[in-house]
Each structure stands twice: as C-alpha cells, then as structure tokens.
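Given next are the chains, with one letter for each unit.
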Amino acid sequence: MHAIVKLSGAAVAALLLAGTAMAAEYEVGQKNKAFTVKELTVKVGDTVHFTNQDDFFHNVFSLSDLKTFDLGSYPKGEFKSVTFDKAGKVEVECAIHPSMMMTINVEE
Amino acid sequence: MRNRTGAARIHALAGVMVLVAAAGVARGETGLVFEAGHPSLQHWLLPERPPYPEDNEPTPERVALGKMLFFDPRLSSDGNMSCASCHNPMFGWSDGLPTARGHKSMVLGRASPTVINTAYNTIQMWDGRKKDLEDQAIGPMEASVEMNTDFDRLFRFLNNNQGYSEAFARAYPGEGINKRTLAKAIASYERTIISNDSPFDRWIRGDASAMTEQQVRGFRIFVDPDKGNCAICHSAPNFTDNGFHNLGLASDGGESADPGRYAIKPVKILKGAFKTPTLRDVALTAPYFHDGSARTLMEVVEHYVKGGVVRERVSPNIRPLNLTAREKQDLVAFMEALTTRHEPVTLPELPLR
C-alpha cells in the first residue's frame, strides 16, 4: 500500500516530471523530529519524496551499502527525492537529528 | 513592547487568531501564551525522573558507589584525575576552562561539557560518539590523553579494596567488578545531577513571581522565530534538540578546524557541527561553545546576532538577528533564570583499603 497521504503542489509537479510510467511515488514527511513512517516498502524504480514539515531545517542521508545519498539540508515545505534502483534495505537518517531514522525496503 | 509584538503576530496569524482579551495577551505564531503556569508552556518541564536502561535502575547503593568512583582520582593512571577534575561541581560540573586539561595537563581540543541533565540526552559527547551515560562514562578513562586508565591495575585495586568490593557487591550483586559495572555505577550517580527547579521551572509551574518581567521578555525573545530564534535548537524541555549544528565560530576556519560530528558521520553538513548543549544552569558553566571561545552569555548572544563569523558551513538555522541592546540583555537575564539552587554537594569518604 502506498504511503502517499497528500502531495503538495510542488510535489505533484515533480511527480509529472518523474518519467517512468510504472514507477510509484511516495511521500515521507519529517515532522516533530521524526520520519512520519518508520518503515516503507517500495519497488525497484520507485521514488520517495522526503518533505520537511518542521519549522527548522532537516537533512536526509543514507550511508547504506545499497544506496548512498545526501540530500543536504532544507527548510519547511521543501522536499527532495530519491529513486531506488536496486533491491535491498536502505537505512535513512537525518544528520542534524540522529534520533531520526527509518528503513526503506526496496523489493524487486 | 508586548503590544507591538502582539499586534504584529495577530496580523501574521491571518485567521488563526486566538485572543485572550482579558489578559491582553495574544497567542503568537508559536502558539504560546506567556503567562506563568499557562498550559501552552508545560512541555518545557522535564520529566521528574530521567530515563535509565532496564538493567541499571539507579538504586541508592548504585548512586553511592558511583559517587565514590566519580570523585576518586585513583581511577586515572597517575592517580590524580577523577571525573570531577573536569566535571567539577564548583564550576557547574564543568571546569571553568576554555578547553579541558587532560593527562599530564595536556591541553585538549574541546571544552568539558557539564554533567548537568546529561541524563536526559539521547546522545552523548560534543560529537555524539557515545550513545548513553554508561557508554560515555568509560570513555575518558580509556582515552590516553584524558585519564589514561590502566584497567588491569584499576580492577586489581578495586577488587583488593574492601570498601569498594563490598560497595560493588551491594550495588551489582553477582555482576562483578568490571568496565560494565564501573560505567553503570558512574552513570547512576550522574543521573542524580539534575537541574529542574530553576526560577523558569517555577514560573512554568505557575509561580508568577519566580521570574522578573525582564526574564519573561527574554523567554519570549528566546522562542520567537523572528527574534532570538534560540528554541529552534535549544528546544523544550532540556533546551537541546540533541542535534548537531555548525555555529560559524571563528575556530571553524582553515584546514585544521575541528571536524566535530563529521568525524563520526561523514555527511557534508556535519563539518564543524557539534551537539546542542543544554542551557539549564548555563550561568554556572562559562566559558561557552565547544571551543570555549565565549567568556560570557552576552558574548554568546553577540555571536548569534552576527549570525556567526565563519559562515562557510554555518547551519542554515543561524542567520543575523535583529535584536536591540535591551533585547539582548533580556535574553541573558532569561538564561540566568535557568539556574536551579542546588543542595550543597557533599564529598564521599573514599575507602583507603
């Protein structure tokens, strides 16, 4: 089941530009110094938008073997996206607030 | 002052206005009402007891043993440095130095953080390399530049010392004398070093006379995103977000700058980032910042008003502030309201044999 609750205007624009017709889009929020979901299962090729919903800056990064990325830091209302291209498990964290962690399971 | 900010906020609220007309106080963007005891402020009160791991409930026996160990210089290789050498209750459980002095009085790179309220932290050390107090307590003993402890010798000493072997047996029956029980005992004592009854706490609980008008003004500035914006990182209830930020300190420039959290987690924004310290009892723990570069709370405020000095990697939460001289003084006065009047610390009698 997809975790998208709502996409902001900006997120919808991104969705339209996203390409791959079959791929799904998910939104994971960063709210009250936590990711809005602890665990998310997606398929290879799917994209996750990480949206900052707090009044301060957040970061999103992963140093997982499967997928390494660093989305930098961005303020409330903005989002950045990652497309998962290999199957496996990806640990996602916020570098600024180390208690913020979630897992993305990427399935074939 | 109150009317001006109140009016500006009502304007900004655009439809979400909640006016407490009788008191003449507006609920600002922060949703807070700045009245002693107001329900909107209760999240600033700390839980009465700090959390502790399941296998280390702080019993009186554990706390008493931890206190002996905390003040015992025989834990260090030269027998002259205890935990209290750098975490001294006479200096707000820090050392009053810009950066710590270690083994053979070596000058270390970072300031000694206070022990006060570390029990509430979800991560320990300036760079977060230790996860809890048990994990942290053993660190300075293991560090060759700090206490440089010879553990074989220390455990022989503790096992052969009647006072200690009995105290360990009472505190941790059947668990022995080892790094784990040593760390658990010290952590148990540290969980008693708490600041939660400051004028600020009493005001939050409803005592309107606990803070001065100036301190209440300072609190408003502290939380106002358009003014001090301090609570963005020094957040409720322990005045820390347990997060890591680059403050743009002068020492952050150049190749030799301390990497801070980046050495533990190599993510770009963590270069020169350090953990947000609590501000509880902050008036007791000068000098300030991880490099001890600010001598007074006013110097700290001036740093933030400038928005930092070396801005290359500064946290985006930090930007120049528009504060009047009076507002800066109000902020300092507020931080001075965060000091708990502590019971005098009594020193343990250490077992000689």
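Predicted model, so just to flag it, every value in this text is computed and none were measured.

A. Seen up close, the interface of chain B and chain A. Contact with chain B, which involves 17 residues of that partner, is made by 14 residues of chain A. Together, the buried faces of chain B and chain A total about 1,200 Å²; carbon and sulfur atoms form 66% of this surface. When the buried surface of chain B facing chain A is broken down by residue, Val267, Ile269 and Pro316 of chain B rank first, second and third, together holding 36% of it. Applying the counting criterion to the chain B and chain A interface returns one salt bridge. The interface formed by chain B and chain A includes four residue pairs in polar contact (both at pLDDT 80 or more). Of the residues in the side of chain B that touches chain A, the class split is eight nonpolar, five polar and four charged.

B. Up close: the pattern of salt bridges. Residues and elements named next belong to chain B. Per the counting criterion, the structure on display carries 22 salt bridges over all chains. We note a salt bridge from Arg110 to Asp127, for which the minimum N-O separation is 3.0 Å. Of the two residues, Arg110 sits in the loop between helix 3 (83–86) and helix 4 (133–137) while Asp127 sits in the loop between helix 3 and helix 4, which places them 17 residues apart along the sequence. Relative accessible area serves as the criterion here: at 4%, Asp127 is assigned to the buried category. Salt bridges here are not isolated pairs; linked through shared partners, they connect Asp55, Glu175, Arg180 and Lys184.

C. Representation of the environment of Trp93 of chain B in the model. All names here are of chain B. In this fold, Trp93 is placed in the loop between helix 3 and helix 4. A residue is classified by how much of its surface remains accessible, and Trp93, at 7% relative accessible area, is buried. Sequence spacing of Trp93 and Pro113 is 20 residues, and the spatial spacing of their C-alpha atoms is 7.9 Å. Excluding residues within four positions of it along the chain, Trp93 makes contact with Phe70, Phe71, Cys86, His87, Asn88, Pro113, Thr114, Val115, Ile116, Tyr189, Ile193 and Val345.

D. Focus on the confidence of the model for chain B. The share of residues in chain B with pLDDT of 70 or more is 92%, and the mean pLDDT across the chain is 92. Note that pLDDT drops below 50 for residues 1–26 of chain B; the model gives that stretch 33 contacts with residues more than four away or on any other chain.

E. Inspection of the nonpolar core at higher detail. Residue and element names in this part refer to chain B. Of all hydrophobic cores here, the largest spans 38 residues; its most connected members are Trp44, Phe200, Phe219 and Phe222. Taken together, the elements giving at least two residues each to this core come down to helix 9 (199–204), helix 10 (213–223), helix 11 (297–306) and helix 12 (325–336). The leading source of residues in this core is helix 10, at five residues. With 36 residues, the next largest nonpolar core counts Met68, Cys83, Val115 and Ile116 among its residues.

F. Region of interest: the state of the cysteines. Residues and elements named next belong to chain B. Scanning all chains against the criterion turns up zero disulfides over all chains. There is no disulfide at Cys86, and the cysteine sulfur nearest it, in Cys83, is 9.2 Å away. Assessed through its relative accessible area of 13%, Cys86 is described here as buried.

What counts, and at which threshold
- Residues numbered from 1 in each chain as written.
- Chains lettered and ligands numbered in written order.
- Predicted model: local features only at pLDDT ≥ 70, side-chain atom pairs only at ≥ 80, totals over all residues.
- Heavy atoms only, no water.
- Contact = heavy atoms within 4.5 Å.
- Buried area = accessible area lost by both parts, 1.4 Å probe.
- Salt bridge = Lys/Arg side-chain N within 4 Å of Asp/Glu carboxyl O.
- Polar contact = N/O pair within 3.5 Å; in protein donor to acceptor, adjacent residues only side chain to side chain.
- Nonpolar A, V, L, I, M, F, W, Y, C, P; charged D, E, K, R; others polar.
- Helix = DSSP H or I, 4+ residues; strand = E, 2+ residues; numbered from the N terminus.
- Buried < 20%, exposed > 50% of the residue type's maximum accessible area, 1.4 Å probe, protein only.
- pLDDT = per-residue confidence, 0-100.
- Core = buried A, V, L, I, M, F, W, Y, C linked by side-chain atoms within 4.5 Å.
- Disulfide = S-S within 2.5 Å.

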